[in-house]
Amino acid sequence: MTSPVRRARRAAAARRATGDRGLHRWALTTVAILRQEESIVAWAERRLAAPGGDCPEATRRGDDGLTAAQAHVAEKVAGHDHLVVVVGPAGAGKTTALRPAVAELHARGRAVFGVAPSANAAAVLADETCADADTLDKLIVEHRLARPPQHRYDLPAGATVIVDEAGMMSTARFAALAQLADDKGWRLALIGDPLQFTAVGRGGMFGHLVERFDAAELDRIHRFADDWERQASLRLRRGDTDVAVVYNEQGRLHGGTCNEMERRCVEEWWRRRDGSERSLLMATTNEAVDRLNRRAQRLRIQRCELDHAGPRTETKRQTIVVGDEIATRRNDRSIRTDCGIAVKNRAQWTVTSIRRDGSIVARGKDGNVELPADYVREHVDLAYAVTVMGAQGRTVQHAMLLIDRPTDVRGLYVGMSRGTTTNDAYIAIDGERTPQWTCSSDALRRTGSTIPRSPGAPSSQTTRTFHTCRSRQRRLPSHRRGRGQAALQSRSSRRQTGRSSSKRWCATLRAPRSSPSGNGSRPERFVPTSWR
């Protein structure tokens, strides 16, 4: 089979020979990146071709209400296949399917360990499946140190490693995990949804594997209370933004000025919270999250839940008082609770006291913790609102999403699928626009808020578009080297997204200064790759 590198070079030579400078058919990438992605595909092919088998006994340990698809997933994860790929929309019951599989593995004395891109997601995975879990980075780093890995990470051959939110795994981490699994003889079970948020850096390999190979798919939605919302969420997931008509008819879209939408959004959050209902306040940008956090804090002060005249401390952007709900924004294993659990990124706490030096004593589900003043200043935020990406994986009764600037389908889908009972979007509009128009495909196209590409195509999530008149190989400055736009994309995956193919050249923004091979001895050559 011809490699992507050779195909790219042949396509580039053919276009140079014909004088075709079509700007819309190319992306920039490096030879090392193409080879890394090709090696992952070959690794998956090899593992999927290896003999294995399912474990039908796993379904006996699940609830009687397991669907056929959930039972199939449980049997595969608890089986003996070297690689299991599971894909499911938000609310499809992925955790429900994993729980009996983990129980069966434990019952048979087989090791199982869970990993996730973030510490908070790993903690949720551990709580809901009863499997030991930590971050993917921690597992990889433990096996790279000069000393032997700690006992919990020193998994035996044949162990099952469950990767939750696999769609958010970067390509570099994917390659490292694949190599580690081969070296140690582990099985891998990749669980995720390629149509939700992907890796912050170069990613998309999970979606490509889902598209290229047979994956176990959970196709029934269980999360939402209303039948119409189950079908609407699937349409939104596929990129059909015309479904905004349905949400508008159900009263889920609200429009007004930015100030009005922020106020209404926080008031609705307060009403649900005051009624002891689990609610989630979200926004599409960090700036909007900061504004919502300050509004929520002021509302609690007005309702006499917080004493603004009492002890306080300052962070980089906010003022914290006793009683505030805060989030730690950096993993720090040197800071531990009285239960011996390390502080995790996005873990939520309630402030119980503030000391004169600015340090905080807080209470959370992992126990009580004392956060040093330096950590508080740099890595603590109010936790009344979160970004949509930070909310991925969470489930509540009522979800409120503030949209104050153009977003893409992923942001809409994740934000409008967190609540089991209601999911409302508060949209800042101007002129004679309506909330429905703002959420429609025409509005997204006019605002240029998306870079249409297949979620199954390996590429960086952090891209910007630019035009160029050169269709030959191009060398980029050093600050752009090492993170190209890979071109493993197919027409079928573009049809799934419901979005038109991009007519732009793309290149990524952030990159390490050394070459992807890690030796840093010479710069990488960038090659144009076709988006045919």
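So, how was this worked out
- Residues numbered from 1 in each chain as written.
- Predicted model: local features only at pLDDT ≥ 70, side-chain atom pairs only at ≥ 80, totals over all residues.
- Heavy atoms only, no water.
- Helix = DSSP H or I, 4+ residues; strand = E, 2+ residues; numbered from the N terminus.
- Buried < 20%, exposed > 50% of the residue type's maximum accessible area, 1.4 Å probe, protein only.
- Contact = heavy atoms within 4.5 Å.
- Areas by Shrake-Rupley, 256 points an atom, 1.4 Å probe, with all protein chains shown as cover.
- Axes fitted to C-alpha atoms, helices over the stretch in contact; angles between N-to-C directions.
- Parallel < 35°, antiparallel > 145°, perpendicular 65-115°, else oblique.
- Left-handed = near helix turned anticlockwise from the far one by under 90°.
- Nonpolar A, V, L, I, M, F, W, Y, C, P; charged D, E, K, R; others polar.
- Pairing = 2+ DSSP bridges.
- Expected span 1.5 Å × (residues − 1).
- Core = buried A, V, L, I, M, F, W, Y, C linked by side-chain atoms within 4.5 Å.
- Salt bridge = Lys/Arg side-chain N within 4 Å of Asp/Glu carboxyl O.
- Phe/Tyr/Trp six-rings, centres within 6.5 Å; stacked < 30°, edge-to-face > 60°.

Visitor: Now, about the overall build of the chain: what can you tell me, with residues and values included?
Guide: Counting its regular elements, the chain contains 18 helices and 26 strands. A buried classification covers 55% of the 532 residues belonging to the chain. The long-range fraction of contacts in the chain, counting pairs at least 24 apart against all pairs at least 6 apart in sequence, stands at 76%. Surface summary for the chain: the accessible area is close to 23,600 Å², and the carbon and sulfur share equals 45%.

Visitor: How would you explain the packing of helix H4 (residues 94-107) against helix H5 (residues 119-129) if you had to name every residue and give the values?
Guide: Where H4 contacts H5, the two axes come as close as 9 Å, and the packing angle between them is 60°. Considering the angle they form, H4 stands oblique to H5. The handedness of the crossing between H4 and H5 comes out as right-handed. The segment H4 lies against H5, with Thr95, Leu98, Arg99 and Val102 engaging Leu125, Glu128 and Thr129. Across the contact of H4 with H5, the residue classes break down as three nonpolar, two polar and two charged.

Visitor: Break down the sheet that holds strand E21 (residues 396-403) for me, citing the residues and quoting the values.
Guide: Taken in spatial order, the five strands of this open sheet run E9-E22-E21-E10-E20, and their pairing is parallel. Whereas interior strands pair on both sides, the edge strands pair on one side only; in this sheet they are strand E9 (253-256) and strand E20 (385-387). Sheet twist, expressed as the average angle between the axes of neighbouring strands with direction ignored, equals 25°. Relative to E21, strand E10 (residues 279-283) runs parallel, the two sharing five bridges. Across the sheet, Ser279 pairs through a bridge with His398, a residue of E21. Sheet contacts for helix H11 (residues 258-274): E9, E10, E21 and strand E22 (419-428); angle to E22, the most-contacted strand, approximately 160°. Sheet contacts for helix H12 (residues 286-302): E10, E20 and E21; angle to E20, the most-contacted strand, approximately 175°.

Visitor: Could you give an account of H4, naming the residues involved and the relevant values?
Guide: The end-to-end C-alpha separation of H4 is 21 Å, in line with the 20 Å expected for 14 residues at 1.5 Å each. Backbone geometry just downstream of H4 places Gly109 in the positive-phi region, at approximately 75°.

Visitor: Outline the packing of H11 against H12, listing residues and values.
Guide: Between H11 and H12, the least distance of the axes is 10 Å, while the angle of their chain directions is 55°. One element, H11, and the other, H12, form an angle in the oblique class. Like other packed secondary-structure pairs, H11 and H12 cross with a definite hand, here right-handed. Here H11 contributes Cys258, Asn259, Glu262, Arg263, Val266, Trp269, Trp270 and Arg273 to the contact with H12, which in turn contributes Arg291, Leu292, Arg295, Ala296, Leu299 and Arg300. Along the lines of polarity and charge, the residues of the contact of H11 with H12 split into seven nonpolar, one polar and six charged.

Visitor: Which residues make up the nonpolar core, and what values do they have?
Guide: Judged by nonpolar contacts, the single largest core of 35 residues is most densely connected at Trp269, Leu281, Ile326, Ile360, Leu371 and Leu402. Leave out the neighbours within four places in its chain, and Leu402 touches Met261, Glu262, Cys265, Met282, Ala283, Thr284, Ala288, Leu292 and Tyr426. Judged by nonpolar contacts, the second largest core, of 33 residues, contains Trp43, Leu83, Val87 and Val161.

Visitor: Residues and numbers for the pairing of strand E16 (residues 347-354), please.
Guide: Here strand E13 (residues 325-328) runs beside E16; their pairing, made up of four bridges, is antiparallel. From the neighbouring strand, Ile326 faces E16, where its bridge partner is Trp349. Pairing geometry for E16 and strand E17 (residues 360-364), over four bridges, is antiparallel. Along E17, the bridge assignment pairs Val351 with Ala362. Hairpin connection, E16 to E17: the antiparallel pair is bridged by five residues, and Gly358 has positive phi, about 95°.

Visitor: Outline the pattern of salt bridges, listing residues and values.
Guide: For side chains bearing opposite charge, pairing can occur when the charged atoms are close. With the rule as written, the count across this model stands at 36 salt bridges. Its salt-bridge partner being Lys138, residue Glu142 comes within 2.9 Å of it at the nearest N-O pair. You can see Glu142 and its partner Lys138 sitting in helix H6 (residues 136-142), four residues apart, about one turn around the helix. Residue classification places Lys138 among the buried positions, given a relative accessible area of 16%. The residue Lys316 makes a salt bridge to Glu378 at a minimum N-O spacing of 4.0 Å. Placement of Lys316 in the loop between strand E11 (312-314) and strand E12 (319-321) and of Glu378 in helix H13 (residues 373-379) is noted, with a sequence separation of 62 residues between them.

Visitor: So what about the environment of Leu292? Which residues, and what values?
Guide: Tracing the backbone through its elements, the reader meets Leu292 in helix H12. Judged by its relative accessible area of 0%, Leu292 falls in the buried class. Considered as a pair, Leu292 and Leu382 are 90 residues apart in the sequence and their alpha carbons are 9.7 Å apart. In this view, Leu292 contacts Glu262, Val266, Leu281, Met282, Ala283, Ala385 and Leu402; residues no more than four positions away in its chain are not counted.

Visitor: Can you lay out the environment of Leu139 for me, pointing to particular residues and giving the numbers?
Guide: Checked against the element boundaries, Leu139 lands in helix H6. Once the C-alpha coordinates of Leu139 and Leu180 are considered, the two residues, 41 residues apart in sequence, prove to be 9.6 Å apart. With residues near it in sequence (within four places) discarded, Leu139 still touches Phe113, Val115, Tyr153, Val161, Leu177, Leu180 and Trp186.

Visitor: Describe the packing of aromatic side chains, and please don't skip the residues or the numbers.
Guide: Throughout the structure, instances matching the rule amount to five aromatic pairs. When the centroid spacing of 5.9 Å and the interplanar angle of 85° are considered together, the rings of Trp43 and Phe174 count as edge-to-face. One end of the pair, Trp43, is in helix H2 (residues 31-49); the other, Phe174, is in helix H7 (residues 171-184), with 131 residues separating them in the sequence. The two residues Trp43 and Phe174 agree in class, both being buried. Their ring planes at 70° and their centres at 5.8 Å tell us that Phe113 and Tyr153 sit as a pair that is edge-to-face. Separated by 40 residues along the polypeptide, Phe113 in strand E3 (residues 112-116) and Tyr153 in the loop between H6 and strand E5 (160-163) bring together distant segments of the chain. Each member of the pair, Phe113 as well as Tyr153, carries the same accessibility label: buried.

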